[in-house]
Amino acid sequence: MPGFVLYEMNAIALTIPTLCGMTLFLLIILPLLAAPGIFLLARFGKPAFLALLPALLFCGFAYFAPTVMEQGAIVQHVQWIPSLDISLSFRLDGLALTFALLITGIGTAVFLYASSYLPGNWQTPRFFTALNVFMASMLGAVVSDDLLGLLVFWELTSLSSFILIGHDPARAESRRSAQQGMLITVAGGLAMLAGMILLGTLAGTYRISELSTAGIGAVLSTPPGTAIVLLITIGAFSKSAQFPLHSWLANAMVAPTPVSAYLHSATMVKLGVYLLARLNPVLSAAEIWTPLLLAAGTLTMLCGSVLALRETDLKRILAYTTIVSLGMLITLIGANHPLAAIAMAVFLVVHALYKACLFMVAGIIDHGTGTRDSTLLGGLAGAMPITAATACLASLSMAGIPPMLGFIGKELIYEAGLAARLPHITFAVVILANACMVAIAGILALKCFFGRAPAAPGRSHPVPRDPAAAMWAGPLVLAALSLAFGLMPGWIQGLLAATAASVQGQTVDFPLSLWHGFTPILALSAATLAAGAGIYILWSRIQPRLRSCGIIDRWGPDALYDRMLGWLAALSNWQTGLIQTGSLRHYMAMSVGIVAIAGLLAMVANDALALPPPPTGAAGMKLMLPLLLIAACIMVLRSGSFLQGIIAAGTVGFGVAVAFLLGGAPDLAFTQFSVEALSVVILLAVIGHMPFRAGDRRSPGQRGRDAFISAAFGLMIVAVMLSVVALPFNEALSDFFRESSYPLAHGRNLVNVIIVDFRALDTLGEITVLALAALAAIAVFFSPGKEDERKAGAAPAPSMEKR
């Protein structure tokens, strides 16, 4: 770690030797450094202490809050590869700080919750280690000020979430859900990688904080700029489960409840939202930006609302409402209005607080009753009073009822929609989505805890009761914060204003208050509550009808995903059958043929063909030698026996040695003479003992094809050599070896010095490979059970008339 930290606060820069040991870089790498300790603590039965790490990180980021709110941002550069001028850049502004506080604060509650929720088995240490790595990856992603650095942390979140979702690999549904989440998010990440490379190249910098001043606004409305926006939004939509890439999120509910509470409330699914919010000041200049985000957000809210109402499993209901909320956040970003930025910042915190709480409440209900089916639940308030109080507070915030923070968020959404003049269809879907939220909140709180428990004859389940304090403490704190921030929004006014400024790219000042008087916005809120109450009352009729709608199951994105995997498997089988035929001759023909054709086409397209230089000096020999080599090659192909073939191949080698000699390389010529002589002798001595029996079964057409491929490859090699020879010769490397051969290697033979000194490791590797190949051949040849084969191979060598 560097000895000092450079903080850049707007136009102010000051050097601080240390900041109580809590630098941005330390806050990012601390979870990674603590991973072995976390594994050991979980292994030896002390998981409750693991909550201290995210709590410490929360305090560390909270320490920076006054500076961020007053000065704008804190930036730290850490040299990574100084020789290549590559550094890790971290920037903590309002948006990054809000996400960091949510990640670490909710992480503290989740770690504490999981310490009591999970059984102590061999999977527990792996679970907590993966959860810790995921937290570190999320922190790195939101604090990174470099596009490529953000991408690295982005993919780490996909990898660690794959491990967490597939926590129980023995279950087929866990494996499928983990694979689905991995494939969709990583595929989106690949698209985002292409977009980020194009964006960084176009802007001339990969530093996120410098993109807004790179002057690329006009270019973003051109086709290359449109491609950049589409590629980056595909990556963000895949991570934040936007339609039609949302199916993985609901299926990920097979993961343990702590994973659902953490990944699907404030962290992983919000990472796409974070990316779009972070790049909004830059990419909003593109004409496609606003309509693209509004369309995606609208469709996602509508789809999520319908799917949430057709579910009965509490976690899947919450998953689909998360999709609705993510669509809401994307819509607010796409509105590109200062008030929408404030609404987005408020709703970001609102959703994180109530959704993490409700996920953990769902886990408590499952833990206490043995089911998450809302149709089988009711009257739990008497047996689980603390859980009921927690669920009620969180549900009030979800429904947007005063005095919860959710009420402020909902009114700001409506006010921002009117101020930004959202399309009528989008605004109508926003109201419908909020009404569905009210109905879902009623199902989670009123029905499960205060409704009548349905009779379930023959069904045995444990007696419900409140769990240990470790499980209800975190959710209760999150629910209480929703109430406290609703009553006193000034506590987080500065942080949310800084967040909105980061999203909008300019200072945003809007006072938060619980009561704005009797306004049209209040009327919209009342209408939303009334509509939500109506949906709640009719839910018992709506849910079965939506559930029986088979078209969603047959043609929805989840079914389409399975079909696409089937098509991909069929394509792979067809491709494998076409390419992997089991014939070595076919593999060689495909490889050599493609290289030959591609090489010739590339040279023709780039006008790189060159004619051979006219012969000088011993012109007769230089003209005769190629003819002799061609004749020897034809002899190899037309040989009727192995003996003739070996002699003809030796003739080719000796001809090449003569070419070296005429080219002024006597040392290479003598080496080639020696190698060819030894090769001919060894082959003649060995070939008689080899059991060659099969003849050449190729048809005339196959022989013609092989001849064509061979000629094309030879022609390509000749064309490449002529093109290289025609280029001006660079003497720099030759001069270096001539000047350095004797002083550095104490040798005057340049070839020998290059082989045994300058390329010593390469030569050693070649010798090692040849030695291993020789040992393997000896082991095979003299292996037990080969005696009869060696005796059979001692027969005279067969004819090669057809070979």
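Residues numbered from 1 in each chain as written. Predicted model: local features only at pLDDT ≥ 70, side-chain atom pairs only at ≥ 80, totals over all residues. Heavy atoms only, no water.

S.K.: Just give me the short version of the overall build of the protein, but keep the residues and values in it.
M.R.: A tally of helices and strands in the protein yields 33 helices and 4 strands. For the protein, the residues scored as buried account for 46% of the 803 residues in total. Across the protein, contacts joining residues at least 24 apart in sequence account for 77% of those joining residues at least 6 apart. (Helix = DSSP H or I, 4+ residues; strand = E, 2+ residues; numbered from the N terminus. Buried < 20%, exposed > 50% of the residue type's maximum accessible area, 1.4 Å probe, protein only. Contact = heavy atoms within 4.5 Å.)

S.K.: Which residues make up the nonpolar core, and what are the values?
M.R.: Phe-61 and Leu-92 are the most contacted members of the largest nonpolar core, which has 188 residues in total. With 24 residues, the single largest contributor to this core is helix α15 (residues 338–369). Among residues more than four places away in sequence, those in contact with Leu-92 are Leu-24, Phe-61, Phe-64, Val-68, Gly-72, Ala-73, Ile-74, Leu-97 and Val-143. (Core = buried A, V, L, I, M, F, W, Y, C linked by side-chain atoms within 4.5 Å.)

S.K.: Now, about the pattern of salt bridges: what can you tell me, with residues and values included?
M.R.: Evaluated as defined, the whole model comprises 10 salt bridges. With a closest N to O distance of 2.7 Å, Arg-176 and Asp-562 form a salt bridge. Of the two residues, Arg-176 sits in helix α7 (residues 172–203) while Asp-562 sits in helix α24 (residues 557–579), which places them 386 residues apart along the sequence. Overall, Arg-176 belongs to the partly exposed group, its relative accessible area being 24%. Linking Asp-313 and Arg-372 is a salt bridge whose minimum nitrogen-to-oxygen distance equals 3.2 Å. Taken together, the residues Asp-313 in the loop between α13 (289–309) and α14 (314–335) and Arg-372 in the loop between α15 and α16 (385–399) connect sequence positions 59 residues apart. One salt-bridge network, in which partners are shared between bridges, spans Arg-91, Asp-93 and Arg-278. (Salt bridge = Lys/Arg side-chain N within 4 Å of Asp/Glu carboxyl O.)

S.K.: Residue-level account of the confidence of the model for the protein, with values.
M.R.: Confidence along the protein averages 83 in pLDDT terms, with 90% of residues attaining 70 or more. In the model, residues 1–22 has pLDDT below 50 throughout and makes 48 contacts with residues more than four positions away in sequence or in other chains. Overall, residues 794–803 carries pLDDT values under 50, and its contacts beyond four positions in sequence, including any with other chains, amount to 19 contacts. (pLDDT = per-residue confidence, 0-100.)

S.K.: Report on empty space enclosed by the protein, specifying residues and quantitative values.
M.R.: Going through the model one piece at a time under the given rule, you end up with 4 cavities of 30 Å³ or more. There is about 80 Å³ of room inside the largest cavity. In this structure, the largest cavity is lined by Phe-347, Val-350, Tyr-354, Ser-397, Met-398, Ala-399, Gly-400, Gly-406, Lys-410, Asn-434 and Met-437. Elements that contribute at least two residues to the lining of the largest cavity include exactly α15, α16, α17 (405–419) and α18 (424–450). Residue classes in the lining of the largest cavity are distributed as 6 nonpolar, 4 polar and 1 charged. (1 Å grid on protein atoms, 1.4 Å probe; cavity = no way out; pocket = protein on both sides within 12 Å on 5 of 7 lines; lining within 4 Å. Points joined across faces, edges and corners; volume = space filled by probe spheres on them. Nonpolar A, V, L, I, M, F, W, Y, C, P; charged D, E, K, R; others polar.)

S.K.: Pulling in residues and values, what's your account of unusual backbone geometry?
M.R.: Each neighbour pair has its own omega, and for Phe-243 with Pro-244 the value is 5 degrees, a cis peptide bond. Inspection of the secondary structure puts Pro-244 in the loop between α9 (223–239) and α10 (247–251). Put simply, Pro-402 and Pro-403 share a cis peptide bond, and its omega is 10 degrees. Tracing the sequence through the fold places Pro-403 in the loop between α16 and α17. The phi torsion at Ala-241 lies on the positive side, around 55 degrees, for a residue other than glycine. For Ala-241, the position within the fold is in the loop between α9 and α10. By relative accessible area, Ala-241 is classed as buried at 0%. One non-glycine residue, Arg-421, lies in positive phi territory at about 55 degrees. For Arg-421, a relative accessible area of 75% translates into the label exposed.

S.K.: Provide a residue-level description of the packing of helix α21 (residues 520–537) against helix α22 (residues 539–547), including the pertinent values.
M.R.: Where α21 contacts α22, the two axes come as close as 5 Å, and the packing angle between them is 70 degrees. Classified by the interaxial angle, the pair formed by α21 and α22 is roughly perpendicular. Contacts from Ile-535, Tyr-536 and Ile-537 of α21 reach α22 at Trp-539, Ser-540 and Ile-542. (Axes fitted to C-alpha atoms, helices over the stretch in contact; angles between N-to-C directions. Parallel < 35°, antiparallel > 145°, perpendicular 65-115°, else oblique.)

S.K.: So what's going on with a nonpolar patch on the surface? Which residues, and what values?
M.R.: A grouping of Val-152, Leu-156, Leu-159, Phe-162 and Ile-163 is seen on the molecular surface, where their side chains present a nonpolar patch of about 390 Å² in accessible area. Structurally, Phe-162 is set in helix α6 (residues 147–165). (Patch = residues over 30% accessible without salt bridge, like charges linked within 9 Å, V, L, I, M, F, W, Y side chains within 5 Å. Areas by Shrake-Rupley, 256 points an atom, 1.4 Å probe, with all protein chains shown as cover.)

S.K.: Describe helix α29 (residues 700–726), naming the residues involved and giving the relevant values.
M.R.: Taking 1.5 Å as the rise per residue, α29 with 27 residues should run 39 Å; its terminal C-alpha atoms sit 39 Å apart, in good agreement. For α29, the complete set of buried residues consists of Asp-706, Ile-709, Ala-712, Met-716, Ala-719 and Ser-723. Against the buried residues of α29 lie α25 (584–605). (Expected span 1.5 Å × (residues − 1).)

S.K.: So what's going on with the side chain of Lys-315? Residues and values would help.
M.R.: Among the structural elements, Lys-315 can be located in helix α14. For Lys-315, which is buried and forms no salt bridge, the nearest opposite charge comes from Asp-366, at a distance of 6.8 Å. Separated by 2.7 Å, the side chain of Lys-315 and the backbone oxygen of Ala-255 make a polar contact. Setting aside its immediate chain neighbours within four residues, Lys-315 contacts Met-253, Ala-255, Pro-256, Thr-257, Ser-260, Phe-359, Ala-362 and Arg-372. (Lys, Arg positive; Asp, Glu negative; His and termini not counted. Polar contact = N/O pair within 3.5 Å; in protein donor to acceptor, adjacent residues only side chain to side chain.)

S.K.: Can you tell me about the packing of aromatic side chains, naming the residues and giving the values?
M.R.: Any pair of aromatic rings gets described here by the distance separating the centres and the angle formed by the planes. One pass over the structure, following the stated rule, counts 13 aromatic pairs. Centroid distance Phe-134 to Tyr-262: 5.8 Å. Interplanar angle 70 degrees. Geometry classified as edge-to-face. On the criterion of sequence distance, the pair formed by Phe-134 in helix α5 (residues 123–143) and Tyr-262 in helix α11 (residues 257–263) is long-range, its members being 128 residues apart. Tyr-262 shares its class with Phe-134; the two are buried. Taken together, the aromatic side chains of Phe-111, Phe-127 and Phe-128 make up a single cluster linked through ring pairs. One cation-aromatic arrangement involves Arg-43 over Phe-44; the distance from NZ or CZ to the ring centre is 5.6 Å. (Phe/Tyr/Trp six-rings, centres within 6.5 Å; stacked < 30°, edge-to-face > 60°. Lys NZ or Arg CZ within 6 Å of the ring centre and 35° of its normal.)

S.K.: Before we move on, could you go through the environment of Ala-241 and cite the residues and values that matter?
M.R.: Spatially, the C-alpha atom of Ala-241 lies 6.9 Å from that of Val-269, the residues being 28 residues apart in sequence. Once you skip the residues sitting within four places of it in the chain, Ala-241 turns out to touch His-246, Trp-248, Leu-249, Thr-300, Ile-323 and Leu-326.

S.K.: If you had to explain the side chain of Gln-672 to someone new, which residues and values would you point to?
M.R.: In this structure, Gln-672 sits in helix α28 (residues 666–687). Note on Gln-672: relative accessible area 19%, which makes it buried. Those residues in contact with Gln-672 that sit more than four places away from it in its chain are Gly-653, Val-656, Ala-657 and Phe-660.

S.K.: Lay out the environment of Ile-323 with the relevant residues and their values.
M.R.: Assignment of secondary structure puts Ile-323 in helix α14. Residue Ile-323 is classed as buried on the basis of its relative accessible area, which comes to 1%. Apart from residues no more than four positions distant in its own chain, Ile-323 is found in contact with Ala-241, His-246, Leu-249, Thr-300 and Gly-304.

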